[in-house]
Amino acid sequence: PCLAVAARRRLDPREREILLFWVGVSLGRLVLFASFCPLGGETTAAEVYRVDAEGVRSANVLLAWLDGPSIDDGTACEIGMFAELVERDMRRYRGIVGLVTDLRLERRRGNAAGDGMNLFVAGAIEACGRICWSVDEAVEVLRELESQPR
């Protein structure tokens, strides 16, 4: 199984280490980490799209990091792509886990429609997965998705 991680920016080494540790240990299996953030330099839009789309299609589950004042455009696009993949082939593509660890979003939780997130994006996640408010909750949902019969 392959887990793709969509994020606003490239995770720093500590964030990556924490994510790999918690997800890898908690699920008891090797997790392929894929971050689709351009490295800078001469990167073209076509190259970013090619790499992102390939990574999204190769995954069985998408973990979407939703932190920030609004959901990142690229992350939102990856969520939309993956939601369509799940709808077309639920046996191969398991679902989406949206992870929120940002206090700005936590403050909006329960106080605004969609907890302050874009309703279309939140709806895409909830159509085939769940929005989680802690790493522990996200790991639990990842376990549930992994245990679904194929």
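Provided above is the structure to which this section pertains.
For clarity, every value in this text was computed on a predicted model and none was experimentally measured.

Asker: Quick question: what am I supposed to make of the nonpolar core here?
Answerer: Across soluble globular proteins, nonpolar side chains have a tendency to be buried as a group. L66, I79, F82, I96, M117, I125 and I131 are the most contacted members of the largest nonpolar core, which has 22 residues in total. Listed by contribution, the elements that provide at least two residues to this core are strand 2 (61–65), helix 3 (73–88) and helix 5 (119–128). The contact partners of I79, leaving out residues within four places of it in the chain, are L62, A64, L66, I96, V121, A124 and I125. Of all hydrophobic cores here, the second largest spans ten residues; its members include V61, L63, C132 and V141.

Asker: Would you take a moment to explain the packing of helix 2 (residues 45–58) against helix 3 for this structure?
Answerer: Between two packed helices, the angle of one axis relative to the other and the distance separating the axes together describe the packing. One way to put it is that helix 2 packs onto helix 3 with a least axis distance of 10 Å and a crossing angle of 40°. Like other packed secondary-structure pairs, helix 2 and helix 3 cross with a definite hand, here right-handed. From helix 2, D52, A53, V56 and R57 reach across to helix 3, where they touch E78, M81, F82 and L85. Of the residues belonging to the contact of helix 2 with helix 3, the class tally is five nonpolar, no polar and three charged.

Asker: Quick question: what am I supposed to make of the pairing of strand 2 here?
Answerer: Every other side chain in a regular strand lies on the same face of the sheet, so the side chains alternate between the two faces. Of all five residues in strand 2, five are buried, a share of seventy percent or more. Alternating positions in strand 2 separate into two faces, V61, L63 and W65 on one and L62 and A64 on the other, with burial throughout. Across five bridges, the pairing between strand 2 and strand 3 (residues 95–99) is parallel. Following the sheet pairing, V61 is matched in strand 3 by G95. Note that the unit made of strand 2, helix 3 and strand 3 has a crossover that is right-handed.

Asker: Would you take a moment to explain helix 6 (residues 135–147) for this structure?
Answerer: Because each turn of an α-helix spans 3.6 residues, side chains separated by three or four positions in sequence point in the same direction. Taking 1.5 Å as the rise per residue, helix 6 with 13 residues should run 18 Å; its terminal C-alpha atoms sit 18 Å apart, in good agreement. Among all positions in helix 6, only A138, V139, V141, L142 and L145 are buried. End-on view of helix 6: buried residues confined to an arc of 165°, all on one side of the axis. Relative to its buried face, helix 6 has exposed residues pointing more than 90 degrees away, namely D136 and S147.

Asker: Where do I start with the pattern of salt bridges in this structure?
Answerer: Where charged atoms of side chains with opposite charge meet at close range, the side chains can pair. Scanning the model with the defined rule gives six salt bridges in all. A salt bridge links E47 to R50; the nearest nitrogen and oxygen atoms lie 2.8 Å apart. Here R50 and E47 lie together in helix 2, a separation of three residues that amounts to about one turn. Judged by relative accessible area, R50 falls into the partly exposed class, the value being 41%. A salt bridge links R130 to E144; the nearest nitrogen and oxygen atoms lie 3.9 Å apart. Residue R130 is located in strand 4 (residues 129–132), and its partner E144 is located in helix 6; the two are separated by 14 residues in the primary sequence.

Cut-off values and rules
Residues numbered from 1 in each chain as written. Predicted model: local features only at pLDDT ≥ 70, side-chain atom pairs only at ≥ 80, totals over all residues. Heavy atoms only, no water. Core = buried A, V, L, I, M, F, W, Y, C linked by side-chain atoms within 4.5 Å. Buried < 20%, exposed > 50% of the residue type's maximum accessible area, 1.4 Å probe, protein only. Helix = DSSP H or I, 4+ residues; strand = E, 2+ residues; numbered from the N terminus. Contact = heavy atoms within 4.5 Å. Axes fitted to C-alpha atoms, helices over the stretch in contact; angles between N-to-C directions. Left-handed = near helix turned anticlockwise from the far one by under 90°. Nonpolar A, V, L, I, M, F, W, Y, C, P; charged D, E, K, R; others polar. Pairing = 2+ DSSP bridges. Right-handed = clockwise from strand over helix to strand, strands pointing away. Expected span 1.5 Å × (residues − 1). Arc of directions from axis to C-beta. Salt bridge = Lys/Arg side-chain N within 4 Å of Asp/Glu carboxyl O.

Just geometry here; none of it tells us what the structure is for.
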